Amino acid sequence: IVAESEFINTLPDSSLWIQTSYNTRGNVHYNSDNEPDGGVALRKNFAGIGFSYNADLDGFIPPKEFDSWILDTDTCLWYPPVDRPNDGLDYVWDEESVCWTLVTD
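None of the values given here were measured: they were computed from a predicted structure.

1. Quick look at unusual backbone geometry
Here comes step 1: One non-glycine residue, Lys44, lies in the positive phi region at around 70°.
Here comes step 2: Note that Lys44 resides in the loop between strand E2 (28-29) and strand E3 (52-54).
Here comes step 3: Located in the positive-phi region is Asp58, a residue other than glycine, with phi close to 50°.
Here comes step 4: Along the chain, Asp58 turns up in the loop between E3 and strand E4 (59-61).

2. Some words on the pairing of strand E8 (residues 99-102)
Here comes step 1: In this sheet, E8 lies alongside strand E7 (residues 91-94) in antiparallel orientation, the contact comprising 4 bridges. Bridge pairing links Asp94 to Cys99 in E8.

3. What about the pattern of salt bridges?
Here comes step 1: What the rule picks out here adds up to 1 salt bridge.
Here comes step 2: A salt bridge links Arg43 to Asp58, with the shortest nitrogen-to-oxygen separation between them at 2.6 Å. Of this pair, Arg43 sits in the loop between E2 and E3 while Asp58 is found in the loop between E3 and E4, placing the two residues 15 residues apart along the sequence.
Here comes step 3: For Asp58, a relative accessible area of 33% translates into the label partly exposed.

4. Section: a nonpolar patch on the surface
Here comes step 1: Taken together, the side chains of Ile1, Leu16 and Trp17 make up a nonpolar region of the molecular surface, amounting to roughly 410 Å² of accessible area.
Here comes step 2: Mapped onto the elements, Trp17 comes out in the loop between helix H1 (5-8) and strand E1 (24-25).

5. Observations concerning the layout of surface pockets
Here comes step 1: For the largest pocket, the calculated volume is near 620 Å³.
Here comes step 2: If you trace the largest pocket, you find 20 residues lining it, with Ile1, Ala3, Ile18, Gln19 and Thr20 closest to the centre.
Here comes step 3: Here the lining of the largest pocket is composed, by residue class, of 11 nonpolar, 8 polar and 1 charged.

6. Some remarks on the environment of Gly59
Here comes step 1: Along the chain, Gly59 turns up in strand E4.
Here comes step 2: Here the alpha-carbon distance between Gly59 and Leu42, two residues 17 residues apart in the chain, equals 7.9 Å.

7. A word on the side chain of Thr24
Here comes step 1: With respect to the helices and strands, Thr24 occurs in strand E1.
Here comes step 2: One polar contact links the side chain of Thr24 to the main-chain amide nitrogen of Leu42, over a distance of 3.0 Å.
Here comes step 3: The residues touching Thr24, leaving out its near neighbours within four places in the chain, are His29, Val40, Ala41, Leu42, Lys44, Asn45 and Phe46.

8. Concerning the pairing of E7
Here comes step 1: Burial of E7 is one-sided: the residues Tyr91 and Trp93 facing one way are buried, the residues Val92 and Asp94 facing the other way are not.
Here comes step 2: Hairpin geometry of E7 and E8 is characterised by an intervening segment of 4 residues between the two adjacent antiparallel strands and by a positive phi of about 55° at Val98.

9. Notes on the side chain of Ser21
Here comes step 1: For Ser21, the position within the fold is in the loop between H1 and E1.
Here comes step 2: Those residues in contact with Ser21 that lie beyond four places of it in its chain are His29, Leu42 and Phe46.

What counts, and at which threshold
Along each chain, the written sequence defines residue order, and numbers are assigned to residues from 1. In view of the model being predicted, local features appear only for residues whose pLDDT reaches at least 70, and side-chain atom pairs are presented and counted only at 80 or more, with totals across whole chains, interfaces and linings using the full set of residues. Only heavy atoms go into the side-chain values, all of them from the structure, while hydrogens and water stay out. Here a helix means four or more residues in a row that DSSP labels H or I, a strand means two or more in a row labelled E, and each is numbered from the N terminus. Strands pair, by our definition, only if DSSP identifies at least two bridges between them. What counts as a salt bridge is simple: a side-chain nitrogen of Lys or Arg found within 4 Å of a carboxyl oxygen of Asp or Glu. The buried label goes to any residue with under 20% of its type's maximum accessible area, the exposed label to any with over 50%, and the partly exposed label to all in between, with areas taken from a 1.4 Å probe on protein chains only. Only residues whose relative accessible area exceeds 30% and that form no salt bridge are eligible for patches; like-charged ones are grouped when within 9 Å, while nonpolar side chains (Val, Leu, Ile, Met, Phe, Trp, Tyr) are grouped when within 5 Å. Computed with a 1.4 Å probe, the accessible areas rest on the Shrake-Rupley method; for each residue, only the protein chains presented here act as cover. The pocket and cavity definitions rest on a 1 Å grid over protein atoms only: a 1.4 Å probe that fits but cannot leave marks a cavity, an open set with protein on both sides within 12 Å along at least five of seven lines marks a pocket, and residues lining either have an atom within 4 Å of a point. Grid points are joined across faces, edges and corners, and a volume is the space filled by probe spheres set on the points. Gly is put with the polar residues, along with every residue not named as nonpolar or charged; the nonpolar set is Ala, Val, Leu, Ile, Met, Phe, Trp, Tyr, Cys and Pro, and the charged set is Asp, Glu, Lys and Arg. Distance and chemistry together define a polar contact, namely a pair of N or O atoms within 3.5 Å, with one atom able to donate a hydrogen and the other to accept it when in protein, and with adjacent residues in sequence counting only for side-chain atoms on both sides. In what follows, residue pairs with any heavy atoms lying within 4.5 Å of each other are defined as contacts.

Without other data, these values stay purely geometric and don't point to any function.
This is the structure in structure tokens:
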């Protein structure tokens, strides 16, 4: 639900609402050109469908795609336990072997 803070403040249980920002991803604030702008990041990530809010981290966490992935508590984003190869080739995550698999035609 998108609502202005002026409206939320009129609700009897306004303390149950948690503000999020379109411009925040991975605890970085971005401008309209999709470039980091040094602005204040709000709640680590823009909340979306399936996201959860962690009050201890004060951040929105996206759904976990793979059981083996690890939450970065600074960004509230999930990362694989093994870095993706940086060789210009295409890879997909293979949860069964817990590694990146080269995409072949």
